[in-house]
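Structure at a glance
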Amino acid sequence: MGKGQGPAPEQLGGTAIKPVGWDRTGMEAFKYLLYNPDTGEVLTRTPLSWLKITVFYTIYYSCLAAFWVGCLNIFFLTLPENSMGPKWTMDKSIIGTNPGVGLRPQNTDKLIDSQMFVLKAQDTNVIPTNEGRDNEGQGNTNVDYAARLKNS
């Protein structure tokens, strides 16, 4: 029948079939969640379903652990023997024999908010500004940076 022809069907849409026990509430519902005597379900799964999921996850996590152990063994193969010491040292390493400056001198109190400091190639001064006072090294000469580093 086409649209608009003939009688309309008796039921429009689906009818809900309520499952057994849909009206359980409170402690009764909780007891049936733990064990359903009608179907033999424990925590909403049959014993066969629990067996299948337990076997699956046992195999899954065993394979995952085996993969992790394999990767760990490959990592340990790349390490040198303890008697040989570290593999990359001095000339064989990326940084070589001159690793660079490990400490950075502070700026003067006047320039405390700045992260830039300038060393002057022609500066041969060996006496810091305000030598012997509380504010020793508060100038901008090369030796002042060394004095501030020594005092910090």
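Heads up: these notes are all about the structure in this document. (Residues numbered from 1 in each chain as written. Predicted model: local features only at pLDDT ≥ 70, side-chain atom pairs only at ≥ 80, totals over all residues. Heavy atoms only, no water.)

**Regarding the packing of aromatic side chains**
Considering all chains together, one arrives at six aromatic pairs under this definition. For the pair F56 and Y57, a centre-to-centre distance of 4.9 Å together with 80° between the ring planes defines the contact as edge-to-face. Its relative accessible area of 47% is what places F56 among the partly exposed residues. Arranged with centres 6.1 Å apart and planes meeting at 15°, the rings of F56 and Y60 form a pair that is stacked. Of this pair, F56 and Y60 both sit in helix α2 (residues 47–77), four residues apart, roughly one helical turn. These aromatic residues form a ring-pair network of at least three members: F56, Y57, Y60 and Y61. Its guanidinium or amino end placed over the ring of Y32, R24 lies 3.4 Å from that ring's centre, counting from NZ or CZ. The lysine or arginine in question, R45, covers the ring of W50, its NZ or CZ lying 5.6 Å from the ring centre. (Phe/Tyr/Trp six-rings, centres within 6.5 Å; stacked < 30°, edge-to-face > 60°. Buried < 20%, exposed > 50% of the residue type's maximum accessible area, 1.4 Å probe, protein only. Helix = DSSP H or I, 4+ residues; strand = E, 2+ residues; numbered from the N terminus. Lys NZ or Arg CZ within 6 Å of the ring centre and 35° of its normal.)

**Section: the environment of N140**
Locating N140 in the fold gives a position in the loop between α2 and α3 (142–151). Beyond its immediate sequence surroundings of up to four residues, N140 is in contact with T108, L111, K120 and Y145. (Contact = heavy atoms within 4.5 Å.)

**A short note on the pattern of salt bridges**
For the structure on display, the rule yields two salt bridges. In this structure, E28 engages R24 in a salt bridge whose closest nitrogen and oxygen atoms are separated by 3.9 Å. For R24, the salt bridge goes to D38, with nearest N and O atoms at 3.9 Å. Taken together, the positions of R24 in the segment before α1 (26–34) and D38 in the loop between β1 (35–36) and β2 (41–42) put the pair 14 residues apart, joining distant regions of the chain. (Salt bridge = Lys/Arg side-chain N within 4 Å of Asp/Glu carboxyl O.)

**Some details on a nonpolar patch on the surface**
Together, M27, F30, L33, L34, Y35, V42, L43 and W50 line one region of the surface with nonpolar side chains, adding up to about 730 Å² of accessible area. A total of four residues in the nonpolar patch trace back to one element, the largest contributor, which is α1. Structurally, M27 is set in helix α1. (Patch = residues over 30% accessible without salt bridge, like charges linked within 9 Å, V, L, I, M, F, W, Y side chains within 5 Å. Areas by Shrake-Rupley, 256 points an atom, 1.4 Å probe, with all protein chains shown as cover.)

**What to know about the side chain of S93**
With respect to the element layout, S93 can be found in the loop between α2 and α3. For S93, a relative accessible area of 19% gives the class buried. A polar contact of 2.8 Å, which involves the side chain of S93, links it to the backbone oxygen of M90. (Polar contact = N/O pair within 3.5 Å; in protein donor to acceptor, adjacent residues only side chain to side chain.)

Worth remembering: the numbers are spatial, not functional.
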